[in-house]
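Topology and contacts: notes
Chain by chain, the residues:
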Amino acid sequence: MKVYIKTYGCQMNERDSDAMAALLREKGHEIVSAEEEADALIFNTCSVREAAERKAKGKIGYMKKLKARKPELIIGVAGCMAQRLGDALLEELPHLDFVLGTGQLHTLLEQLEKVRAKHLRFAETEPSPDVLTGMSGHYSGTWHGEIAITRGCNRFCSYCIVPYVRGREISRSQEDVLAEARRLVDSGARELLLLGQNVAAYGLGGDIRPPADDHSPFADLLDELDRLPGLLRIRYTSPYVSYFNRRLIRTLAQAEKVCHNIHLPLQSGSDRILAAMNRQYTRDSYLAKAAELRAAIPDLTFSTDVIVGFPGETDEDFRLTREVMNEMDYAQSFIFKYSPRPGAKSAQMADSVPEEVKEERNQILLADLAARVRKRLAAMNGETVEVLVEGISPRTPARWTGRTGTNLMIHFEPDAAVRPGTLRKVKITQTNPVSLFGKLVD
Ligand code: 5AD
Ligand code: SF4
């Protein structure tokens, strides 16, 4: 079968799509990049904001024409929107064959065969813990590998749909993760990205209380991975601020392979809004934790997620968010305009901030980010940094790109020996407001 897979949403979804693709390839099926060539179309969807759902539905709706021309074409919707809407999606989109929830992704092939053989229409959304192992061990053998070490979330931030569409948090055993890491490294991975909706809560059994200062199964896992021969770098996303206890900070500071970049979602800089969001930290405790991390790891960079226009967000709340963002000097930030999600707690509050105000706040934070990035990049001119070579630059094929441990991308001219997945030193020779350019120096 020729299968086309399109992904919406986060890195976990990207990884799930990669794993589904690898799973199909292992069984002799082909992954194609054009919808017209495919026997089956799979849309791996996201529910985090209304816009993400609208986009996916628009695209799937558009596929009706293709199906009219090619009636045997199978169309399936997977992932978070599939989980959220289930049977209702089958009703809404009559040309859809099946709906596959977040706990059933590992059964994709079985479902495709069911549709092909029996022409059934169905929604399979029963959560199954088998997804955790069923989706592991399928990968494409490049320098970059990804491992979902936890799935689901128990935190119930009031705006967030994730606990409802991805279910309760579950962790894989350390043994299982290490075995997969070894297999990935054996098949060529030099960088591993550990994924989880709440990655630093790994191994805590779903307890949302931050652990004692000397206890961090996530740190234990990082220590083990740090010793893995052949592996060069370890990244992870996304952690929640409260889990950075003394034990974890010690590992982050001492480990040789763990990258010095933390994606640390802030969401808001106003304590009033943080409380309404059910985030269990304050502006001061967040800043104190970041300061502790910076003291332990001096070249650490941070990135973040922020929501503007949460119900009741005033100019003063927004000013506080802006202030914390500038104080944190984030190297990257993802800014989202609030949208109410059915089922999430905040959907019961009035969506009180007008769209124009959300957009204005969004633009202000984007301009602040651009100014910070410009300043940071300009200050790096002349520095020599170590990068993990990633490959040919997508926009300028004559150049290659590499990434620093602090997660900055550098463009450089390759030499004959340069290979993806190797560490090289690059001297930065030119900067512009958004990019760094350099020369190989070893
Ligand atoms: N509206 C806007 N942004 C949201 N996010 C999560 N839920 C919502 C929502 N209802 C953002 C958060 C999260 C990121 C993945 O998406 O910032 O960290
Ligand atoms: Fe979207 Fe969240 Fe699901 Fe990722 S986990 S696909 S961000 S809803």
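These lines cover the structure that appears in this document, whether it is placed above or below. Quick caveat: nothing in here was measured; it's all calculated off a predicted structure.

Thoughts on the pairing of strand E14 (residues 332–337)
- The sheet contact formed by strand E13 (residues 301–308) and E14 spans six bridges and is parallel. Bridging from a neighbouring strand, Asp305 pairs with Phe334 of E14.
- Handedness of the E13-helix H14 (residues 315–328)-E14 crossover: right-handed.

Digging into the packing of aromatic side chains
- One pass over the full model with this rule turns up seven aromatic pairs.
- An angle of 70° between the planes, with centres 5.4 Å apart, marks the rings of Phe218 and Tyr236 as edge-to-face. Here Tyr236 lies in strand E11 (residues 233–237) and Phe218 lies in helix H10 (residues 217–226), a separation of 18 residues in the sequence. Both residues of the pair, Phe218 and Tyr236, count as buried.
- Each ring, one from Tyr240 and one from Tyr243, has its centre 6.1 Å from the other, and the planes form 75°; the classification is edge-to-face. Like Tyr243, Tyr240 is buried.
- Here the aromatic residues Tyr240, Tyr243, Tyr281 and Tyr286 are joined through ring pairs into a cluster of three or more.
- Its end group placed over the ring of Tyr8, Lys6 keeps NZ or CZ at 5.3 Å from the ring centre.

Rules behind the numbers
Residues numbered from 1 in each chain as written. Chains lettered and ligands numbered in written order. Predicted model: local features only at pLDDT ≥ 70, side-chain atom pairs only at ≥ 80, totals over all residues. Heavy atoms only, no water. Pairing = 2+ DSSP bridges. Helix = DSSP H or I, 4+ residues; strand = E, 2+ residues; numbered from the N terminus. Right-handed = clockwise from strand over helix to strand, strands pointing away. Phe/Tyr/Trp six-rings, centres within 6.5 Å; stacked < 30°, edge-to-face > 60°. Buried < 20%, exposed > 50% of the residue type's maximum accessible area, 1.4 Å probe, protein only. Lys NZ or Arg CZ within 6 Å of the ring centre and 35° of its normal.

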